[in-house]
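# Results of the structural survey
Chain residues, written in single-letter form:
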Amino acid sequence: FSFNLAADCNAVLKALQPIFQEQGMTETVHNWEDHGYLVTYIKKNGSFANLRIHPHGLVLVDLQSYNDDMKGREEVDQLLNKVEERMKELFHGSIKRVKRLPAILRGGVIDRYWPTADGRLVEYDIDEVVYDEDSPFQNIKILHSKQFGNILILSGDVNLAESDLAYTQAIMGSGKEDYTGKEVLILGGGDGGILYEIVKLKPKMVTSNIDQMVIDGCKKHMRKTCGDVLDNLKGECYQVLIEDCIPVLKRYAKEGRMFDYVINDLTAVPISTSPEESTWEFLRLILDLSMKVLKQDGKYFTQGNCINLTDALTLYEEQLSRLYCPVEFSKETVCVPSYMELY
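The numbers attached to residues start from 1 for each chain and follow its sequence in the written order. Reporting in this predicted model follows two pLDDT cut-offs: at least 70 for local features of residues, and 80 or more for side-chain atom pairs to be given and counted; totals over whole chains, interfaces and linings ignore these cut-offs and use all residues. Side-chain figures throughout are based on the complete set of non-hydrogen atoms in the structure, without hydrogens or water.

## Notes on the packing of aromatic side chains
Stated formally: Note on aromatic contacts: the rings of Phe and Tyr and the six-membered ring of Trp form a pair at centre separations within 6.5 Å, being stacked when their planes are under 30 degrees apart, edge-to-face when over 60 apart, and tilted otherwise. The cut-offs for exposure are 20% and 50% of the maximum accessible area for each residue type, with area from a 1.4 Å probe on protein chains only; residues under the lower value are buried, those over the upper are exposed, and the others partly exposed.
All told, the structure shown has 8 aromatic pairs when counted by the stated rule. Their ring planes at 50° and their centres at 5.4 Å tell us that Tyr252 and Phe259 sit as a pair that is tilted. According to the relative accessible area criterion, Phe259 is buried, its value standing at 0%. Arranged with centres 4.8 Å apart and planes meeting at 65°, the rings of Tyr339 and Tyr343 form a pair that is edge-to-face.

In structure tokens:
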């Protein structure tokens with residue numbers, strides 16, 4: 001509850017006391033004079049509520065309880081409804097805003113909460129853990145969402161869902177490129193989405209290098225994304241190398257092998273704006289090595305990051321002016337469904 005003016009801390013406390021006492025909750029009051037009240041209410045079943053009354057005009061109510069059934073959740077809602085009704089009844093003219101947040105479910109069998117790149121917490125409608133394994137490189141999870149289908153999550157980072165064809169299309173040039181007969185190098189792309197879409201366009205050769213365990217999970221549980229291209233590591237116009245991309249790039253550069261397209265699907269632009277950090281160093285290394293295997297008129301496609309991370313995105317663009325060869329670049333903003341943000 002946000003008040004228009006300073007809150008009468010004692011009046012708020014007395015107004016809400018009967019509601020918690022009716023629930024059989026014991027009360028402990030902490031009074032900091034100029035800093036308001038903190039009141040805790042504890043029930044015999046372990047449920048408790050914190051009532052924080054700030055004298056500048058903010059009243060917070062946090063309720064925690066262990067409820068594994070609908071009846072328990074209804075009891076919580078009823079208690080909060082009573083608190084809201086009492087506050088509006090007694091302080092209606094003084095209340096500027098009332099905001100109730102949905103319950104956060106902690107310790108559930110299925111983790112529904114995943115952060116966005118710019119630090120917001122998103123709750124997904126995840127109802128099943130489809131795949132959960134640790135490879136030598138990362139933790140690999142595939143979770144099922146009612147809205148987005150299966151979602152690939154690598155070391156806590158939401159990578160791609162079956163709903164996210166827009167991401168794949170964008171990182172391939174949004175339908176503006178002719179891949180027919182072209183040499184294409186994919187860096188990463190463990191979900192197989194880029195490979196699946198490019199193979200349809202009849203390239204001369206696509207080479208991709210990724211984590212074998214990501215392949216194992218995706219070819220079984222992300223088939224709407226990868227189709228059947230991950231069933232075999234070599235097809236009519238592609239091969240999948242299970243190797244670190246850095247030695248592969250160095251080997252191709254030494255051999256003088258050149259590509260029409262290099263598509264970097266390894267990692268997003270770092271969130272940090274400090275270019276000395278190892279992630280930035282890795283990114284610059286990939287950029288330089290990629291330029292060495294890219295034809296003079298070739299194109300390099302990569303993801304950026306959440307559109308809100310303006311400083312990090314600007315710093316990435318600055319890196320492009322520091323490469324050993326001059327480059328031109330353009331950018332496109334795309335809504336990726338499962339990211340719930342513009343990318």
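Back to the write-up after that little detour.
## Structural notes on the UniProt feature "active site" (unreviewed entry) in the protein chain
For the record, the criterion: UniProt positions are given in the numbering used here, feature names are shortened, and annotations may be inferred rather than shown by experiment. The numbering of helices and of strands both runs from the N terminus, where a helix is a DSSP run of H or I of at least 4 residues and a strand a run of E of at least 2. What makes two residues a contact is simply this: any of their non-hydrogen atoms within 4.5 Å. Under the rule applied, a polar contact is a pair of N or O atoms within 3.5 Å (in protein, one hydrogen donor and one hydrogen acceptor; residues adjacent in sequence only if both atoms are side-chain atoms).
UniProt feature "active site" (unreviewed entry): in the numbering of this structure it lies at Asp265. Along the chain, Asp265 turns up in strand S16 (residues 259-265). Assessed through its relative accessible area of 11%, Asp265 is described here as buried. With near-sequence residues (within four places) excluded, Asp265 lies in contact with Tyr167, Ile171, Leu187, Gly188, Gly189, Asp191, Ile194 and Gln303. Polar contacts involving the side chain of Asp265 include one to the side chain of Tyr167, which spans 2.4 Å.

## Some words on empty space enclosed by the protein
Applied cut-off: Cavities and pockets are defined on a 1 Å grid built over the protein atoms alone: a cavity is a set of grid points where a 1.4 Å probe fits but cannot escape, while a pocket is an open set with protein on both sides within 12 Å along at least five of seven lines, and lining residues are those with an atom within 4 Å of any such point. Grid points are joined across faces, edges and corners, and a volume is the space filled by probe spheres set on the points.
Throughout the structure, instances matching the rule amount to 1 cavity of 30 Å³ or more. Approximately 70 Å³ is the volume attributed to the largest cavity. Along the walls of the largest cavity sit 12 residues, with Asn264, Thr267, Leu283, Thr302 and Tyr316 positioned nearest its centre. Of all the secondary structure elements, the ones that give two or more residues to the lining of the largest cavity are helix H8 (278-292) and strand S17 (294-302). The biggest single contributor to the lining of the largest cavity is H8, with 3 residues.

## Observations regarding unusual backbone geometry
What you tend to see is this: most non-glycine residues have negative phi, and most peptide bonds are trans. Residues other than glycine seldom take positive phi values, yet Ser155 does so here, at roughly 50°. Mapped onto the fold, Ser155 is located in the loop between strand S11 (149-154) and strand S12 (157-161). Ser155 sits in the partly exposed class, given a relative accessible area of 49%. Backbone geometry at Lys202 places phi at a positive 60°, although glycine is not the residue there.

## Comments concerning the state of the cysteines
Let me state the cut-off plainly: Cysteine sulfur atoms are paired as a disulfide whenever they come within 2.5 Å of each other.
One pass over the structure, following the stated rule, counts 0 disulfides. No disulfide involves Cys226; its sulfur sits 6.4 Å from that of Cys218, the nearest cysteine. Counting only cysteine sulfurs, Cys218 is the nearest neighbor of Cys245, a cysteine outside any disulfide, at a range of 17 Å.

## Examining the pairing of S12
Successive side chains on a regular strand alternate, one facing one side of the sheet and the next facing the other. Spelled out, the test is: Pairing between strands is defined by DSSP: at least two bridges between the two strands are required.
Judged from the 4 bridges that link them, S11 and S12 form a sheet pairing that is antiparallel. From the neighbouring strand, Leu154 faces S12, where its bridge partner is Asp157.

## Some points on the domain arrangement of the protein chain
Here is the rule we go by: Per the annotation, domain bounds derive from an automatic or database assignment of domains.
Domains assigned within the protein chain are domain 1 (2-97) and domain 2 (164-321). Here domain 1 and domain 2 have C-alpha centroids that lie 53 Å from each other.

## Some words on the nonpolar core
Heads up, the rule is: We call a set of buried Ala, Val, Leu, Ile, Met, Phe, Trp, Tyr and Cys residues a nonpolar core when their side-chain atoms join them within 4.5 Å.
With 46 residues, the main nonpolar core has Tyr124, Leu152, Tyr179, Val184, Leu195, Ile198 and Ile263 as its most contacted residues. Non-local contacts of Leu152, meaning those with residues more than four positions away in its chain, are made with Ile140, Lys141, Ile142, Asp157, Val158, Asn159, Leu160, Asp191, Val214, Cys218 and Met222.

## Structural notes on the sheet that holds S16
The following threshold applies: For every element, the axis is a line fit to its C-alpha atoms; helices are fit only across the contacting stretch, and the angle between N-to-C directions ranges from 0 to 180 degrees.
The strand order across the open sheet built from 5 strands is S15-S14-S13-S16-S17, with neighbouring strands paired in parallel fashion. Looking at the sheet topology across the chains shown, the edges are occupied by strand S15 (238-241) and S17. For this sheet the average axis-to-axis angle between neighbouring strands, irrespective of direction, equals 15°. Bridge count between S16 and S17: 5 bridges; the pairing is parallel. Across the sheet, Ile263 pairs through a bridge with Phe301, a residue of S17.

## So, the side chain of Thr168
Tracing the chain through its elements places Thr168 in helix H3 (residues 165-171). Judged by its relative accessible area of 4%, Thr168 is buried. When sequence neighbours within four positions are dropped, the list of residues in contact with Thr168 reads Leu160, Gly193, Ile194 and Glu197.

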